[in-house]
Amino acid sequence: MKNYNIAVIPGDGTGPEVIGEGLKVLQAAAKKFGFTVTPNHFPFGGKRYLETGKLVDEADEAELRKNDAIYLGAIGLNANDAKQVPPGILEKNILLKLRFDFDQYINLRPVKLFPGVESPIKNVTPEIMDYVVVRENTGGVYTGMGGNMMKDTPQEVSSQEWIYTRFQVDRCLRYAFELAKKRHTAEAPFRGLSAEAKAAGKTARLTLCGKTNVLTNVFGLWERAAKEMAKQYPTVELNYRHVDAICLLMVQDPGQFDVIVTDNMFGDIITDLGAATQGGLGVAAGGNLNPEGISMYEPIGGTAPDWTGKNGINPIAAIAAAALMISNLGETEAGAAIEKAIAQVTPMMKTQLAGQMGYTTTEIGDLVVSKL
Ligand code: IPM
Ligand code: MN
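These lines cover the structure that appears in this document, whether it is placed above or below. Note that this is a predicted model, so its numbers are computed, not measured. By convention here, each chain's residues receive numbers from 1 onward along its written sequence. Written order determines the labels here, with chains lettered from A and ligands numbered from 1. Since the coordinates come from a predicted model, pLDDT governs what is reported: local features require at least 70, and pairs of side-chain atoms require 80 or more to be given and counted, while whole-chain, interface and lining totals use all residues. To obtain the side-chain values, all non-hydrogen atoms of the structure were used and water was disregarded.

So, the sheet that holds strand β2 (residues 35-41)
The strand order across the open sheet built from 10 strands is β2-β1-β3-β12-β11-β4-β5-β10-β8-β9, with neighbouring strands paired in mixed fashion. Two strands close off the open sheet at either side, each with one partner strand: β2 and β9 (236-242). Strand after strand, the sheet turns through a mean of 25° between neighbouring axes, direction not considered. Note that strand β4 (residues 106-112) and strand β11 (residues 285-289) share 3 bridges and pair antiparallel. Note on β11: the bridge partner recorded for N107 is N288. Against the sheet, helix α6 (residues 166-183) touches β4, β5 (130-136), β8 (204-210), β9, β10 (259-262) and β11, its axis set at about 165° to β5. In this description, contact between two residues means that some pair of their heavy atoms is separated by no more than 4.5 Å. Note on geometry: axes are C-alpha line fits, over the in-contact stretch for helices, and angles between N-to-C directions span 0 to 180 degrees. Helix and strand assignments follow DSSP, with helices taken as H or I runs no shorter than four residues and strands as E runs no shorter than two, numbered in order from the N terminus. Contacts from helix α9 (residues 243-252) reach β5, β8, β9 and β10, with the element oriented near 105° to β9. DSSP calls a pair of strands paired once it identifies at least 2 bridges connecting them.

Here's the deal with the pattern of salt bridges
For this document, the term salt bridge refers to a Lys or Arg side-chain nitrogen within 4 Å of an Asp or Glu carboxyl oxygen. Applying the stated criterion across every chain yields a total of 16 salt bridges. A salt bridge links K66 to E63, with the nearest nitrogen and oxygen atoms 2.8 Å apart. Under the scheme applied here, a residue whose accessible area is under 20% of the maximum for its type counts as buried, over 50% as exposed, and between as partly exposed, the area being computed with a 1.4 Å probe on protein chains only. A residue is classified by how much of its surface remains accessible, and E63, at 38% relative accessible area, is partly exposed. For E339, the salt bridge identified is with K112, shortest N-O distance 3.8 Å.

Quick notes on the side chain of E136
Considering the arrangement of structural elements, one finds E136 in strand β5. Here E136 sits buried without a salt bridge, and the closest side chain of opposite charge, R171, lies 5.1 Å off (N-O distance). In protein, a polar contact requires one atom able to donate a hydrogen and another able to accept it; more generally it is a pair of N or O atoms within 3.5 Å, and residues adjacent in sequence count only if both atoms are side-chain atoms. There is a polar contact of 2.8 Å between the side chain of E136 and the backbone nitrogen of G139. Side-chain polar atoms of E136 contact the side chain of Y164, separated by 2.8 Å. With residues near it in sequence (within four places) discarded, E136 still touches Y105, Y164, Q168, C172, W222, T262, D263 and N264. All tallies of charge rest on Lys and Arg as positive and Asp and Glu as negative; His and the ends of each chain are not included.

Observations regarding the site of ligand 1
All residues adjacent to ligand 1 are E91, L95, R99, R109, R135, Y142 and D268. Separating an oxygen atom of ligand 1 from a side-chain N or O atom of R135 is a distance of 2.8 Å. Contact distances for ligand 1 include 2.9 Å between an oxygen atom and a side-chain N or O atom of D268. Where accessible areas are quoted, they stem from the Shrake-Rupley method and a 1.4 Å probe; at the residue level, only the protein chains shown are allowed to cover. Summarising the interface, the protein chains cover 74% of the accessible area of ligand 1, which totals 320 Å² for the free molecule. A pocket, in this scheme, is an open set of points on a 1 Å grid over the protein atoms alone with protein on both sides within 12 Å along at least 5 of 7 lines, while a cavity is a set where a 1.4 Å probe fits but cannot get out; residues line either one if an atom lies within 4 Å of a point. A molecule is said to be in a cavity or pocket once over half of its atoms fall within 2 Å of that pocket's grid points. The cavity that encloses ligand 1 is the largest pocket. When the residues that make up the shell around ligand 1 are grouped by side-chain class, the tally is 2 nonpolar, no polar and 5 charged. One heavy atom within 4 Å of a molecule or strand makes the whole residue count as near it. Ten residue types, Ala, Val, Leu, Ile, Met, Phe, Trp, Tyr, Cys and Pro, are classed as nonpolar, four, Asp, Glu, Lys and Arg, as charged, and the remainder, Gly among them, as polar.

Some thoughts on a nonpolar patch on the surface
Patch members must show over 30% relative accessible area and no salt bridge, and they are joined within 9 Å when carrying like charges or within 5 Å when they are nonpolar side chains of Val, Leu, Ile, Met, Phe, Trp or Tyr. Together, M149, M150 and V157 line one region of the surface with nonpolar side chains, adding up to about 270 Å² of accessible area. Relative to the assigned elements, V157 resides in strand β7 (residues 157-160).

Some details on the pairing of β5
The buried fraction of β5 amounts to 6 of the 7 residues, a majority that puts the element mostly inside the structure. Two strands pair when backbone bridges link them, and β4 and β5 are joined in this way by 7 bridges, in the antiparallel orientation. For I106, the partnering residue across the bridge sits in β5 and is E136. Pairing of β5 with β10 involves 4 bridges; the strand directions are parallel. Pairing of R135 across the sheet is with T262, part of β10.

Some thoughts on empty space enclosed by the protein
Grid points are joined across faces, edges and corners, and a volume is the space filled by probe spheres set on the points. Across all of its chains, the model carries 1 cavity of 30 Å³ or more by this definition. If you add up the space inside the largest cavity, you get close to 100 Å³. Residue lining of the largest cavity: P110, K112, F114, Q278, V283, A285, A320, L324 and E339, and that is the complete set. For the lining of the largest cavity, the secondary structure elements donating two or more residues are β4 and α11 (316-328). Grouping the amino acids of the lining of the largest cavity by side-chain chemistry returns 6 nonpolar, 1 polar and 2 charged.

So far we have only geometry, and geometry alone does not tell us how the molecule works.
Set out below in structure tokens:
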């Protein structure tokens, strides 16, 4: 029987609670679909940092590398403890470090409205809101290039450089074009395409999100590279939107999106907006992918310290992240079954908000298992 070794980083706050439900569902799916999952726990997080000063080092990464994937809860401290740690320490030395060191160059964030989930957008349905954001995940302004000069003087100079190589842009675009191509068939093309586009043989739409009117250097590169690559994907309609317009359209007309591809910083921002439109952080899942290596899956939400230990946090995002993980590991049937089970449970929930779901965290996990 095939076994998958999963490095589990429950993290801080409610991370362990939601990851517990994700693992519960994963184990049930494994049993049903004939494979096994071996979780290997890693204690990384803010709590361990405060206690021991340890973040993530090379030896930790060597242990992580023995696994097929990484399953992450959330990392961060409650407001009181956070006073002792300057912002950026945990982010840069745990989450971003893993993204960079494992070269997880894609951040895949589906914006999918599950049945029964209330969106702040009126009249939106699961059929209309079902797109994916492909966020470049290791470049751009996240690389840390730049610095400060004459710090803490009135003349202080600071810079933070927005850097992309052609290589980084191309591999991200490649992933996005391939994904767009795979999401639809000629028989069932993306419903947002015009009749003319369909007649011309298009089946999918890829929207490049940039800022070519201001950040002309970087997004000029993205646009040129995308146009060039589009020639290899005759079934994918490539279009372009500025990031500010994307924010407007994600609210006013989410049905026009199929796959959005964008840079690291813009991707960070628009996926929080996407999460809000799909019902909040309780349901939004994502994957930091190295398509050739070890990927890391996580609920997009944070540690929700106020809810820690109350059995009231929403585990749906963590369960959806587990579904994405197992699908990408090759168990696509199991992944699809978990997604279907989630879609049967969300209509039973009162809301997707912590403490107002009509069920406890563990009950939601049990319900998803019962629908598998
Ligand atoms: C995210 C988060 C991270 C990011 C932070 C915690 C460094 O906001 O995963 O979207 O900016 O990428
Ligand atoms: Mn973010």
